[in-house]
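# Architecture and fold: a report
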Amino acid sequence: MRLLCLCCGNRRYFDVDIESLKQLNSDTEGLIIENARFEDFDFTEDGLRDNLQNQVDYILNQTSSQMLFDSATESYYSAIEVLCAKCGSRRIAIPSKTFKKLSLEQELEQNREEFQNIRKERKNHENNLPVLWQP
Amino acid sequence: MKIICQSCGNHKNFLIPLWVRCTFKFNEDGTISILHIRQLESLEDKIVDQGKTSFAITCKECGGEARIILNQYEHLDEHKSQALALEGL
């Protein structure tokens, strides 16, 4: 799950506004607009895909200071123009950004046991190193 | 109407930025698929508003800024009206 609509629960379909580059051909018949094609690639198509990917990555990598807080659901939602394609809502949250309201000290304390288990595993692993071949 | 590149004189191929609304979906494997693209701007309005807004039509050949002449026969009309005015005098 990467994005979540806080209004309808949609997790899959979204709208985003991006800029694309089109080619304008000035002819005797008038103006013709089409995809900008260079020798070996379609610049409009590639640009559109790249811009969409960049925009989505940017939305997903926002910090909490760049987002707005929704007190009802206790989650942050994006301030950037990303819309739910189902209900049109602008309140799109990033589920991974639902930070717990714990201090760092409390969080470390809570996870101490898990961390110690990892340490134990590492020690066990260190003690069981494979025996090197000896002549 | 005529569009001319101010740098190289090209009058055929130009590039124009247009905002679109892209509907997409997240696939199970984490990739993105595009479902629909809707144009948000009118090309006609954008061309007519050239100079008023910050966007620029650029030449496809050299990347230079293009100039739009909405009525290329305007100066001929001006000469004609001046000639008629002189005749009237």
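Conventions we followed
Residues numbered from 1 in each chain as written. Chains lettered and ligands numbered in written order. Predicted model: local features only at pLDDT ≥ 70, side-chain atom pairs only at ≥ 80, totals over all residues. Heavy atoms only, no water. Core = buried A, V, L, I, M, F, W, Y, C linked by side-chain atoms within 4.5 Å. Buried < 20%, exposed > 50% of the residue type's maximum accessible area, 1.4 Å probe, protein only. Helix = DSSP H or I, 4+ residues; strand = E, 2+ residues; numbered from the N terminus. Phe/Tyr/Trp six-rings, centres within 6.5 Å; stacked < 30°, edge-to-face > 60°. Lys NZ or Arg CZ within 6 Å of the ring centre and 35° of its normal.

### Here's the deal with the nonpolar core
Within the largest apolar cluster, 20 residues are counted, with the highest numbers of intra-cluster contacts made by A:L3, A:L52 and B:F24. For this core, the elements supplying multiple residues, two or more each, are β2 (13-27), α1 (43-60) and β6 (82-84) of chain A together with β2 (13-26) of chain B. With five residues, α1(A) is the largest single contributor of residues to this core. Among the nonpolar cores identified, the runner-up in size contains eleven residues, and B:C5, B:I47, B:I57 and B:I68 belong to it.

### Brief notes about the packing of aromatic side chains
Geometry of an aromatic ring pair is reported as the spacing of the ring centres plus the angle between the planes. Counted according to the given criterion, the structure contains six aromatic pairs over all chains. Here A:F14 and B:F24 contribute two aromatic rings whose centre-to-centre distance is 6.3 Å and whose plane-to-plane angle is 40°, an arrangement assigned as tilted. Linking A:F14 in strand β2 with B:F24 in strand β2, this pair reaches from one chain into another. Of the two residues examined, A:F14 and B:F24, each falls in the buried class. When the ring of A:F14 is compared with that of B:F26, the centres are 6.1 Å apart and the planes differ by 65°; the resulting orientation is edge-to-face. Here A:F14, found in strand β2, pairs with B:F26, found in strand β2, and the two come from separate chains. Since its relative accessible area comes to 0%, A:F14 is described here as buried. The exposure class of B:F26 is buried, given its relative accessible area of 6%. The ring of A:F38 has B:K60 sitting right over it, with the charged end atom 5.0 Å from the ring centre.

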